Amino acid sequence: MIYSSELIKGTLKTIVLKMLEDNRKMYGYEITQKVKELTKDRIQLTEGALYPTLHALENDGLLTTETEYIGKRVRKYYSLSPSGKGKARERVSELADFMETMKLLLDIQVKPA
Amino acid sequence: MYCITDKQVDYILNDIRRNGIEMEDLQLNLLDHICCIIEQQLEDDGDFERFYHATVRQFYKHELHEIEEETINLLTFKNFYQMKKFMLMSGLFSAVTFITGSFFKIMHWPGASVMLVLAFFAFSLLFLPMVFVLKTREMNQLRDKWILGLGTLAGILYCASMLFNVMHWPGARIIWFITLILSAFVVLPLYFTAGVRRAETRVNTIVTSVLILGFLGVQFTLTAIRPIATRGDIYTYARNELLLDNLSKQASNAAVSELAAKVNAACNELKLSLLKEATGDSALHTDDHTLAHMRQQSMQGLFGYGNKLALLNALKSSVKNYNTAVAAPARIPVANTILDVPVNQMGAYSNVDALNNIVQVQLFLAVNRPAAVAMR
């Protein structure tokens, strides 16, 4: 099952920040692949959503970038800035809290592991 | 793994640019991303162009530059909130400064003018334009943007006319009439017809239009009767005129000096001009019926003073000549009359004030007639 884009939209920043927290530096394609792999294809980030978000996070000072030349093309690596690290933890715990609340609100029975 | 050639990299980059991606950062990101996908998924002998177009098609719903638009939206989103905050701050600032400045003005305390000018600039050059910018972002139709733009312009002009009025700067009335015409005959009809067509805005539009129309009507009435007519001033003038008539009848037939006669003639000319303007009749009437129809209005008309200024100047110089020729007690007093105020402050005087001033000059001459006769 692939989740609807509305669900992804609200959590995209958190996903990107978490990916970068765990992997130090990544480029755009790598992030989409990593997310796809970790979620067993269930979350597929679209390019149309990922890159605007990356640029916005960079503009907010949460990400730093470095570029690498690969033949004629340039690859842009993203990593967390000091304030981005704090933000990543904050967003992840906020989302975890939110999920707990949603479980209560929607009366979801959590299947025992 | 497919191996992309430099030529193919150029091809992709050109295609991205042609499809409306203008931010260099975004171009490079997308280029690398597409290259990665092709390298990972296209077979060694696959069709590059077909695969490229199929891949890039998955990036967007309608057109590729959606990605750039979304990026710009996200980048300006933060700005948007700062602007909104600034808009509210400037609105609050101008409201507070305006009220304080008005109060200072009434109390004749120093600093009133500075505050009023500041309030005007904050309101019309920061607050109103920002309302326009922020509101038009939420609008889809060009027509709505135009209406809001013209409305903003009317608001700025309204503030300007009030400021010019309070500061006694010339041109206040012209700005005011442009504001009224623009609001009543351009902005309001456009706003009304646009809003009343849509079911969801119909009631709101009608209510707001009625309120604006009422406001404009009240404002227009205030302008038309300004300065506020006091019948008392008009009747005082009439009694002065009767008094003068009476004194003249009692006077000897001895001819007065040429200087005094000139003052009198200048007085009559200006008086008749003012009376014609106020009653539509250049004859000198003091009956109640004519007086009841007399309009009290500012000396300054919509387009300046007309010929009144030339007549007033003639009177001023004749009085000056007279006063230099006679001894101190017989001099015509002019302090605090229209013969004394500078032209730029004359708008504060009404035609009735002027008539009273003039007839009192004539009364003064009549009372001092023996002196005027003696001068000969």
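The text that follows walks through the structure, step by step, so that each part is easy to find. Only a predicted model underlies this, so the values are computations on that prediction, with no experimental measurement involved. (Residues numbered from 1 in each chain as written. Chains lettered and ligands numbered in written order. Predicted model: local features only at pLDDT ≥ 70, side-chain atom pairs only at ≥ 80, totals over all residues. Heavy atoms only, no water.)

1. Overview of the interface of chain B and chain A
Counting residues at the interface gives 25 residues for chain B, matched by 21 residues for chain A. A combined buried area of about 2,100 Å² lies between chain B and chain A, and 58% of that area is made up of carbon and sulfur atoms. Where chain B meets chain A, there are 5 salt bridges. We note a salt bridge from E39(B) to R73(A), for which the minimum N-O separation is 3.2 Å. (Contact = heavy atoms within 4.5 Å. Buried area = accessible area lost by both parts, 1.4 Å probe. Salt bridge = Lys/Arg side-chain N within 4 Å of Asp/Glu carboxyl O.)

2. What about helix 13 (residues 351-367) of chain B?
Residue and element names in this part refer to chain B. A rise of 1.5 Å per residue sets the reference length of helix 13, with its 17 residues, at 24 Å; its end C-alpha atoms lie 24 Å apart and thus fit the reference within 8%. For helix 13, the buried fraction is high: 12 of the 17 residues fall into the buried class. Those residues of helix 13 not exposed but buried are N351, V352, A354, L355, N356, N357, I358, V359, V361, Q362, L363 and L365. You can read the cap of helix 13 off the contacts: a side-chain oxygen lies 3.3 Å from the backbone nitrogen of V352, and it is on S350. (Helix = DSSP H or I, 4+ residues; strand = E, 2+ residues; numbered from the N terminus. Expected span 1.5 Å × (residues − 1). Buried < 20%, exposed > 50% of the residue type's maximum accessible area, 1.4 Å probe, protein only. Polar contact = N/O pair within 3.5 Å; in protein donor to acceptor, adjacent residues only side chain to side chain.)

3. Details of a nonpolar patch on the surface
Residues and elements named next belong to chain B. On the surface, a nonpolar cluster with roughly 430 Å² of combined accessible area is contributed by F103, I106, M107 and W109. Among the secondary structure elements, M107 is positioned in helix 4 (residues 66-107). Taking the relative accessible area as the measure of exposure, M107 reaches 38% and is therefore partly exposed. (Patch = residues over 30% accessible without salt bridge, like charges linked within 9 Å, V, L, I, M, F, W, Y side chains within 5 Å. Areas by Shrake-Rupley, 256 points an atom, 1.4 Å probe, with all protein chains shown as cover.)

4. Comments concerning the pairing of strand 2 (residues 63-70) of chain A
Residue and element names in this part refer to chain A. Looking at chain direction, strand 2 and strand 3 (residues 73-80) are connected through 8 bridges and run antiparallel. Note on strand 3: the bridge partner recorded for L63 is L80. With antiparallel pairing between neighbouring strands as the criterion, strand 2 and strand 3 make up a hairpin whose turn holds 2 residues, including G71 at a positive phi of roughly 60 degrees. (Pairing = 2+ DSSP bridges.)

5. A word on helix 4 (residues 82-106) of chain A
Residue and element names in this part refer to chain A. The end-to-end C-alpha distance of helix 4, which contains 25 residues, comes to 36 Å, matching closely the 36 Å that a straight helix rising 1.5 Å per residue would cover. Those residues of helix 4 that fall on the buried side of the exposure criterion are G84, A88 and R91. Buried residues along helix 4 sit in contact with helix 1 (5-23) and strand 3. One or two residues past the end of helix 4 sits D107, with phi positive at roughly 55 degrees.

6. Structural notes on the pattern of salt bridges
The final tally for this structure, using the stated rule, is 16 salt bridges over all chains. Salt-bridge contacts for E66(A) lead to K25(A); the nearest nitrogen and oxygen are separated by 3.5 Å. Taken together, the residues E66(A) in strand 2 and K25(A) in strand 1 (residues 25-26) connect sequence positions 41 residues apart. Looking at E66(A), the relative accessible area reads 38%, which means it is partly exposed. For K25(A), a relative accessible area of 24% puts it in the partly exposed group. Among the salt bridges present, the one from E241(B) reaches K271(B), with a minimum N-O distance of 3.0 Å. Taken as a pair, E241(B) in helix 9 (residues 231-250) and K271(B) in helix 10 (residues 258-279) lie far apart in primary sequence, 30 residues in all. Residue E241(B) shares its accessibility class with K271(B), and that shared class is buried. Here the salt bridges share partners, and the residues they tie into one network are K18(A), E21(A), D22(A) and R89(A).

7. A closer look at unusual backbone geometry
Residue and element names in this part refer to chain A. The phi dihedral of D41 falls on the positive side, at around 70 degrees, and the residue is not glycine. One non-glycine residue with positive phi stands out, namely D107, at about 55 degrees. Following the sequence through the fold, D107 ends up in the segment after helix 4. A relative accessible area of 57% places D107 in the exposed class.

8. A short note on the sheet that holds strand 2 of chain A
Strands sit in the order 1-3-2 (chain A) across an open sheet of 3 strands; the sheet is antiparallel. Each edge of the open sheet carries a strand with a single partner, namely strand 1 and strand 2 of chain A.

9. Examining the packing of aromatic side chains
Under the counting rule described, the total for this entry stands at 11 aromatic pairs over all chains. Between the aromatic rings of F104(B) and W109(B), the centroid separation amounts to 5.2 Å while the plane-to-plane angle is 90 degrees, which identifies the pairing as edge-to-face. When its relative accessible area of 22% is taken as the criterion, F104(B) is described as partly exposed. Seen in terms of ring centroids, F120(B) and F121(B) are 5.1 Å apart; in terms of plane orientation they differ by 70 degrees. Their pairing is edge-to-face. Ring-pair connections join several aromatic residues into one group, and the members of that group are Y2(B), Y11(B), F48(B) and Y52(B). Between K25(A) and the ring centre of Y77(A), over which it is positioned, the NZ or CZ distance is 4.5 Å. When the ring centre of Y27(A) is taken as reference, the NZ or CZ atom of R75(A) above it lies at 3.8 Å. (Phe/Tyr/Trp six-rings, centres within 6.5 Å; stacked < 30°, edge-to-face > 60°. Lys NZ or Arg CZ within 6 Å of the ring centre and 35° of its normal.)

10. Digging into the nonpolar core
I31(A), I12(B), I16(B), I38(B) and F59(B) are the most contacted members of the largest nonpolar core, which has 47 residues in total. Only helix 1, helix 2 (28-38), helix 3 (47-59) and strand 3 of chain A together with helix 1 (6-18), helix 2 (24-41) and helix 3 (48-57) of chain B provide two or more residues apiece to this core. For this core, the element with the highest residue contribution is helix 2 of chain B, accounting for 8 residues. Among residues more than four places away in sequence, those in contact with I12(B) are L31(B), I34(B), C35(B), I38(B), F48(B) and Y52(B). Judged by nonpolar contacts, the second largest core, of 37 residues, contains V319(B), V326(B), A330(B) and I358(B). (Core = buried A, V, L, I, M, F, W, Y, C linked by side-chain atoms within 4.5 Å.)

11. Some remarks on the pairing of strand 3 of chain A
All names here are of chain A. The element strand 3 is extensively covered by neighbouring structure, given that 8 of its 8 residues are classed as buried. Burial along strand 3 is two-sided: the face carrying R73, R75, Y77 and S79 and the face carrying V74, K76, Y78 and L80 are both buried. Pairing of strand 1 with strand 3 involves 2 bridges; the strand directions are antiparallel. Paired with M26 across the two strands is Y78, which belongs to strand 3.

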